[in-house]
Amino acid sequence: MINKYEFNIYKLINILILLMCFLSPFEVSCISSLRLFVRLLLVFIALISIIYIIINKKIEVTNQRFLLFVLFVIPAFLSFIGMTYVELFNPNGFYFDNALLDTCGRSINYISLALFIYIAFSLKKYYFYKNFDNEAIIKYYWLGCFIAILFCLWQFISMYTGLIPFPFDTRDYIHSVGDNMKKLLPGRLTGISSEPSYIVPVIYDYIILSYIYFNNNLKRIFVFLGLFCLFFTLSGSACFEFVLLTICFYSYMTLSFFSNLREKVTFKSMLIWGILTIIIVSSFILFNYLNNGIIALFLTRLINVTGSGRFRTFVLPFIVSVNSNFVNMLFGHGVKSFILLANFFNEDVTSNSLYPDIFWEHGLIGLFGILLYIFLILKSIIFKQLTPRRNMIILFITHFLIASFYRSDFASTRSFIIIMIITILYEKERVRSCFISNYFNPKETIKNYTMINKKES
């Protein structure tokens, strides 16, 4: 039994965790005060987490969550070995102007995220949010994504009708198009995010959660709203991920069917697979016919991509590290060390991808940790009978891997919440493989929660 004092601590922690999940889609908001509030809230949760640990006098984590901590958080702290090496020996002329000030903010952020993961996972159920386990994290994150979608719709109405003026200043202008196109498309949807590439991953999160968690009628409405906003971001990143997600999911379904020929395959799954086959084949034929060899043109641009600034930024950390020393290649150059490349080359070098960012800051250990964690989860569910929860895990993992090519926000709360969602769903899949299309229904949630608890006990 917990006393009243402990219960109040739990209640406060529950409110803060769910509030953090709700606000995390706005961590890259164009509203500076909102960005600051989200970051301060994370630090405050970390401080409350320390009180929680003191009250409980012990740390309880499952093997899966311990693995999550080891492979995601530990490499961030090991990178201080690489940072120390940089400060002592200045390899390739790299050095921090002021190591303490340059890395202090990111270090506090990592510590706060580590404590946030622990506190969110350590409560077996939410005392305040009665009868719900930590899937409440997923529900409140979806609510935050839904509010972000509403801001996108508000911006669309303002942009195309002039009604209900959108008061927020974002990078919604369209690059490299003619005047006629600008008249037809006055801008890109960003919501209250600073730019389209910030809102695109959030929209994909929203679409995946809406597709899995709601019944057919609500699903169609919510997914349509997400796809509508995704299209009007007019983002190359959105198109890039949509194509890759479609191809990856189609490939997974194809391999799954052929590896489970003796098992029962539902008519619905076969219908989806057939429709995707027709769409993919027809799209390649149609694009190639209408645009006089657009596939060849695409391949030519792909070959010449080495001349782009983004590609240079992508490969630069790998090249410099390989030609540098073993210590920094293994442990990285330290948190927030991407600024070293900008100082060294006397130009603005911005990380647009998670992979070179993690490799440069956390080394091979950090990059290998992420890929190993994802591999271990996929290994246990791939090629098994399709269920909504397994679909959701695979979609989120694929989405995370693809979005990491065009967004480098690993140190953000949103990225860690996505990893937490994958972990929560994976743990539940191991306890009880079931369909979860009604988990946003409170009565259904309570029933499933009770059944899972009986299994665990």
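Residues numbered from 1 in each chain as written. Predicted model: local features only at pLDDT ≥ 70, side-chain atom pairs only at ≥ 80, totals over all residues. Heavy atoms only, no water.

**Comments concerning the overall build of the chain**
In terms of regular secondary structure, the chain is built from 19 helices and zero strands. Relative to its full complement of 457 residues, the chain shows a buried share of 49%. Only carbon and sulfur atoms are counted for the fraction: they give 67% of the accessible area of the chain, which is about 23200 Å². (Helix = DSSP H or I, 4+ residues; strand = E, 2+ residues; numbered from the N terminus. Buried < 20%, exposed > 50% of the residue type's maximum accessible area, 1.4 Å probe, protein only. Areas by Shrake-Rupley, 256 points an atom, 1.4 Å probe, with all protein chains shown as cover.)

**Some thoughts on the side chain of Ser193**
Tracing the sequence through the fold places Ser193 in the loop between helix H7 (179–184) and helix H8 (196–213). Look past the residues within four positions of Ser193 in its chain and what remains in contact with it is Val28, Ser29, Cys30, Thr170, Tyr198 and Ile199. (Contact = heavy atoms within 4.5 Å.)

**Here's the deal with the nonpolar core**
Core analysis: the largest hydrophobic core is formed by 100 residues, its most contacted members being Phe72, Phe116, Tyr206 and Met392. With 12 residues, the single largest contributor to this core is helix H6 (residues 136–161). Those residues in contact with Tyr206 that sit more than four places away from it in its chain are Trp142, Cys145, Phe146, Ile149, Phe222, Leu225 and Gly226. One finds Met83, Val86, Ala99 and Leu316 within the second-largest nonpolar core, a separate group that totals 11 residues. (Core = buried A, V, L, I, M, F, W, Y, C linked by side-chain atoms within 4.5 Å.)

**A look at a nonpolar patch on the surface**
A contiguous nonpolar patch, built from Leu12, Val43, Phe44, Leu47, Ile50, Ile54 and Ile108 and spanning about 590 Å² of accessible area, is present on the exposed surface. For the nonpolar patch, the element with the most residues is helix H2 (residues 32–56), which contributes five residues. Within the element layout of this structure, Phe44 appears in helix H2. Looking at Phe44, the relative accessible area reads 40%, which means it is partly exposed. (Patch = residues over 30% accessible without salt bridge, like charges linked within 9 Å, V, L, I, M, F, W, Y side chains within 5 Å. Salt bridge = Lys/Arg side-chain N within 4 Å of Asp/Glu carboxyl O.)

**Considering the pattern of salt bridges**
What the rule picks out here adds up to three salt bridges. One salt bridge connects Asp205 with Arg414, and the closest N-O pair in it is separated by 2.9 Å. One end of the pair, Asp205, is in helix H8; the other, Arg414, is in helix H18 (residues 413–431), and 209 residues separate them in sequence. Judged by its relative accessible area of 0%, Asp205 is buried.

**What to know about the packing of aromatic side chains**
With the rule as written, the count across this model stands at 22 aromatic pairs. Ring centres of Trp142 and Phe146 lie 5.2 Å apart, and the angle between their planes is 5 degrees; this geometry places the pair in the stacked category. Highlighted residues: Trp142 and Phe146, both in helix H6, separated by four residues, approximately one helical turn. With a centroid separation of 4.9 Å and an interplanar angle of 50 degrees, the aromatic rings of Phe228 and Phe232 are classed as tilted. What makes Phe228 partly exposed here is its relative accessible area of 22%. (Phe/Tyr/Trp six-rings, centres within 6.5 Å; stacked < 30°, edge-to-face > 60°.)

**Side note on the side chain of His333**
Locating His333 in the fold gives a position in the loop between helix H14 (326–331) and helix H15 (339–345). Apart from the residues lying within four places of it in its own chain, the contact partners of His333 are Ser79, Gly82, Met83, Val86, Phe96, Ser321, Asn328, Leu340, Trp360 and Glu361.

**What about helix H9 (residues 216–231)?**
An α-helix turns once every 3.6 residues. As a result, residues three or four positions apart point the same way. Here H9 is 16 residues long and its end C-alpha atoms lie 22 Å apart, about the 22 Å a rise of 1.5 Å per residue gives. Three or more residues of H9 are buried, namely Lys219, Phe222, Val223, Leu225, Gly226, Cys229 and Leu230. Down the axis, H9 shows its buried residues gathered within 155 degrees of arc, on one side only. Turned more than 90 degrees away from the buried face of H9 sit Asn217, Arg220, Phe224 and Phe231, all of them exposed. (Expected span 1.5 Å × (residues − 1). Arc of directions from axis to C-beta.)

**Quick word on the environment of Ile55**
Among the structural elements, Ile55 can be located in helix H2. On the basis of relative accessible area, Ile55 is assigned to the buried category, the value being 18%. Residues Ile55 and Ile9 lie 46 residues apart in sequence; the distance between their C-alpha atoms is 9.4 Å. Those residues within four positions of Ile55 in sequence are excluded, and the remaining contacts are Tyr5, Glu6 and Ile9.

**Thoughts on unusual backbone geometry**
Of note in this structure, Ile164 is not a glycine but carries a positive phi near 50 degrees. Inspection of the secondary structure puts Ile164 in the loop between H6 and H7. The exposed category is assigned to Ile164, whose relative accessible area is 52%. Positive phi values are uncommon outside glycine, yet Leu234 reaches one of about 50 degrees. In this fold, Leu234 is placed in the loop between H9 and helix H10 (236–259).

**Examining H2**
Taking 1.5 Å of rise per residue, the 25 residues of H2 would be expected to cover 36 Å, and the 36 Å separating its terminal C-alpha atoms lies within 8% of that figure. Three or more residues of H2 are buried, namely Leu34, Val38, Leu41, Leu42, Ile45, Ala46, Ile48, Ser49, Tyr52 and Ile55.

**Focus: the confidence of the model for the chain**
Per-residue pLDDT for the chain averages 77, and the proportion of residues at 70 or more is 74%. By mean pLDDT, helix H19 (residues 442–456) is the weakest element of the chain at 43, and H6 is the strongest at 91. The low-confidence segment residues 433–457, where pLDDT is below 50, has 47 contacts with residues more than four positions distant or belonging to other chains. (pLDDT = per-residue confidence, 0-100.)

**Considerations on the packing of helix H16 (residues 354–381) against helix H17 (residues 388–406)**
Put simply, H16 and H17 touch, their axes get as near as 12 Å, and they point 160 degrees apart. Accordingly, the angle class assigned to the pair H16 and H17 is roughly antiparallel. Pair H16 / H17 crosses with left-handed handedness. Taken together, the residues of H17 that come into contact with H16 (itself represented by Leu354, Tyr355, Ile370, Leu371, Ile374, Ile377, Leu378 and Ile381) are Arg390, Ile393, Ile394, Ile397, Phe400, Leu401, Ser404 and Phe405. A breakdown of the residues in the contact of H16 with H17 according to their chemical character gives 14 nonpolar, one polar and one charged. (Axes fitted to C-alpha atoms, helices over the stretch in contact; angles between N-to-C directions. Parallel < 35°, antiparallel > 145°, perpendicular 65-115°, else oblique. Left-handed = near helix turned anticlockwise from the far one by under 90°. Nonpolar A, V, L, I, M, F, W, Y, C, P; charged D, E, K, R; others polar.)

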